[in-house]
Amino acid sequence: MSLSSKEKYKIFKPKKFLGQNFLTDENISRKIVASLDIKSSDKVIEIGPGYGALTKFLVNSKCDFIAIEIDRSIAGKLRDKYNGISIIEKDFLDVSLKDLAGNKKIKIVGNIPYNITSQILFKFFDDRDVIKMAVVMMQKEVAQRLVATKGTKNYGILSLNAQIYSDIKKLFTVPPTAFFPKPAVDSMVLSFSFLRKVDFIKNHSLFREFLRAAFSQRRKTLRNSLKSFFENYQTNVNSLSTDLSRRSESLAIDEIIDLYNEILSSSHIPNP
Ligand code: SAH
């Protein structure tokens, strides 16, 4: 079965609700896989292999390789094509990365379904301890939110989480013409490294709650957006050194972390 021509993809009726936009440009596939710098001792997980645009190059790399594909008919075709390939037929969001990793940190790659990009990214942030790096292609707009800095319209919860929990590099932009069917938007490939220690934040779930409160309406003042948070945790607001009349979008990442740590020591937080 040759899947190189765009005509053949048409036969398989791409499923829009599963974010199926198949990469048809082999040079881009090659570049994505090369940026993972795979060693034969690596364990590599691919999210949504589809008909194998990236898989083709991944299986050649001799690493320990596992693909996770939600669409059973596609998984079957991929099995026929690559003898002995490991495919987990599940929703990536339901797969335990800790179990997959075992005692070895994993590398993750994927031209991921754009409709669940944020959930996939938050899964990376949650499970960062077992991930060495990830190289993923996503909608360019989301990539711009990930790398946004304070005061810009793209700066928000996603930028903060991404930049606190990982080191991000923008690799390259991919035009709609590289896919079948063509998506309506430009795409971008990014690499995330998870080697940094995030021990300057205590109680990560509370930190996420804090960010959600502070940034759900970025143009409100901190005093207003954090009102219920302060009430819930009986924060001694007068002891905080940050000017609470500022808007959250104006705070740099370091300032956000300082504010959080100050709040933590001026509040009554139940034991997690
Ligand atoms: N990597 C392939 C396919 C990209 S399209 C290529 O570049 O050509 C996105 C793929 O993700 C599809 O195969 C789709 O079926 C799969 N997918 C969608 N939602 C998924 C989920 N929740 N978990 C795992 N795979 C998913």
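Remember, predicted model here, so these are calculated numbers, not experimental data.

**Here's the deal with the nonpolar core**
And then number 1: Among the nonpolar cores identified, the biggest contains 60 residues, and Phe124, Phe210 and Leu226 are the most heavily contacted of them.
And then number 2: With seven residues, helix α9 (residues 204-215) is the largest single contributor of residues to this core.
And then number 3: Mapped onto the domain boundaries, this core takes at least three residues apiece from domain 1 (5-193) and domain 2 (204-265).
And then number 4: Beyond its immediate chain neighbours, meaning those up to four positions away, Phe124 contacts Ile47, Phe92, Ile108, Ile131, Ala134, Val136 and Phe194.
And then number 5: Core analysis: the second largest hydrophobic core is formed by 28 residues, Leu36, Leu58, Phe65 and Met137 among them.

**Quick word on the site of the ligand**
And then number 1: Taken together, 21 residues form the shell around the ligand, and within it Gln20, Glu69, Asp91, Phe92 and Asn111 come nearest.
And then number 2: Between the ligand and Gly48, the relevant distance is 2.9 Å, taken from a nitrogen atom to a main-chain nitrogen or oxygen of the residue.
And then number 3: Here the ligand, which alone exposes 570 Å², has 98% of that area covered by the protein.

**With respect to the side chain of Ser225**
And then number 1: Inspection of the secondary structure assignment puts Ser225 in helix α10 (residues 222-225).
And then number 2: Take Ser225: its relative accessible area is 13%, and that puts it in the buried class.
And then number 3: Excluding residues within four positions of it along the chain, Ser225 makes contact with Ala213, Ala214 and Lys220.

**A short note on the domain arrangement of the chain**
And then number 1: For the chain, the domain assignment lists domain 1 (5-193) and domain 2 (204-265).
And then number 2: At the interface, 16 residues of domain 1 touch 14 residues of domain 2.
And then number 3: Buried area between domain 1 and domain 2, summed over both chains or domains, comes out near 1300 Å², and the portion from carbon and sulfur atoms is 61%.
And then number 4: The largest per-residue losses of area from domain 1 upon contact with domain 2 belong to Tyr155, Ile157 and Leu160, which jointly make up 38% of the total buried on that side.
And then number 5: Between the two partners, domain 1 and domain 2, sit one salt bridge.
And then number 6: Our enumeration of links across domain 1 and domain 2 arrives at nine residue pairs in polar contact (both at pLDDT 80 or more).
And then number 7: Among the elements of the structure, α6 (117-126) and α8 (157-165) are those that each provide at least two residues to the side of domain 1 that touches domain 2.
And then number 8: Counting residues per element, the side of domain 1 that touches domain 2 draws most heavily on α8, which supplies six residues.

**Digging into the packing of α8 against α9**
And then number 1: Relative orientation of the contacting elements α8 and α9 amounts to 145°, with a least axis distance of 10 Å. Handedness of the crossing formed by α8 with α9: right-handed. Listed contacts from α9 to Ile157, Leu160, Asn161, Ile164 and Tyr165 of α8 are His204, Phe207, Arg208, Leu211, Arg212 and Phe215.
And then number 2: Split into classes, the residues belonging to the contact of α8 with α9 amount to seven nonpolar, two polar and two charged.

**Things to note about the packing of aromatic side chains**
And then number 1: All told, the structure shown has 13 aromatic pairs when counted by the stated rule.
And then number 2: Where Phe210 meets Tyr260, the ring centres are 5.4 Å apart and the plane angle is 45°; that geometry is what we call tilted. With Phe210 in helix α9 and Tyr260 in helix α12 (residues 253-265), this pair connects stretches of sequence that are 50 residues apart.
And then number 3: The class of Phe210 is buried, set by a relative accessible area of 0%.
And then number 4: Relative accessible area serves as the criterion here: at 1%, Tyr260 is assigned to the buried category.
And then number 5: Linked through ring pairs, Phe207, Phe210, Phe229, Tyr233 and Tyr260 together constitute an aromatic cluster.
And then number 6: It is Lys31 that lies over the ring of Phe172; its NZ or CZ is 4.1 Å from the centre.
And then number 7: It is Lys123 that lies over the ring of Phe92; its NZ or CZ is 5.5 Å from the centre.

Rules behind the numbers
- Residues numbered from 1 in each chain as written.
- Predicted model: local features only at pLDDT ≥ 70, side-chain atom pairs only at ≥ 80, totals over all residues.
- Heavy atoms only, no water.
- Core = buried A, V, L, I, M, F, W, Y, C linked by side-chain atoms within 4.5 Å.
- Buried < 20%, exposed > 50% of the residue type's maximum accessible area, 1.4 Å probe, protein only.
- Helix = DSSP H or I, 4+ residues; strand = E, 2+ residues; numbered from the N terminus.
- Domains from an automatic or database assignment.
- Contact = heavy atoms within 4.5 Å.
- Near = heavy atom within 4 Å.
- Polar contact = N/O pair within 3.5 Å; in protein donor to acceptor, adjacent residues only side chain to side chain.
- Areas by Shrake-Rupley, 256 points an atom, 1.4 Å probe, with all protein chains shown as cover.
- Buried area = accessible area lost by both parts, 1.4 Å probe.
- Salt bridge = Lys/Arg side-chain N within 4 Å of Asp/Glu carboxyl O.
- Axes fitted to C-alpha atoms, helices over the stretch in contact; angles between N-to-C directions.
- Left-handed = near helix turned anticlockwise from the far one by under 90°.
- Nonpolar A, V, L, I, M, F, W, Y, C, P; charged D, E, K, R; others polar.
- Phe/Tyr/Trp six-rings, centres within 6.5 Å; stacked < 30°, edge-to-face > 60°.
- Lys NZ or Arg CZ within 6 Å of the ring centre and 35° of its normal.

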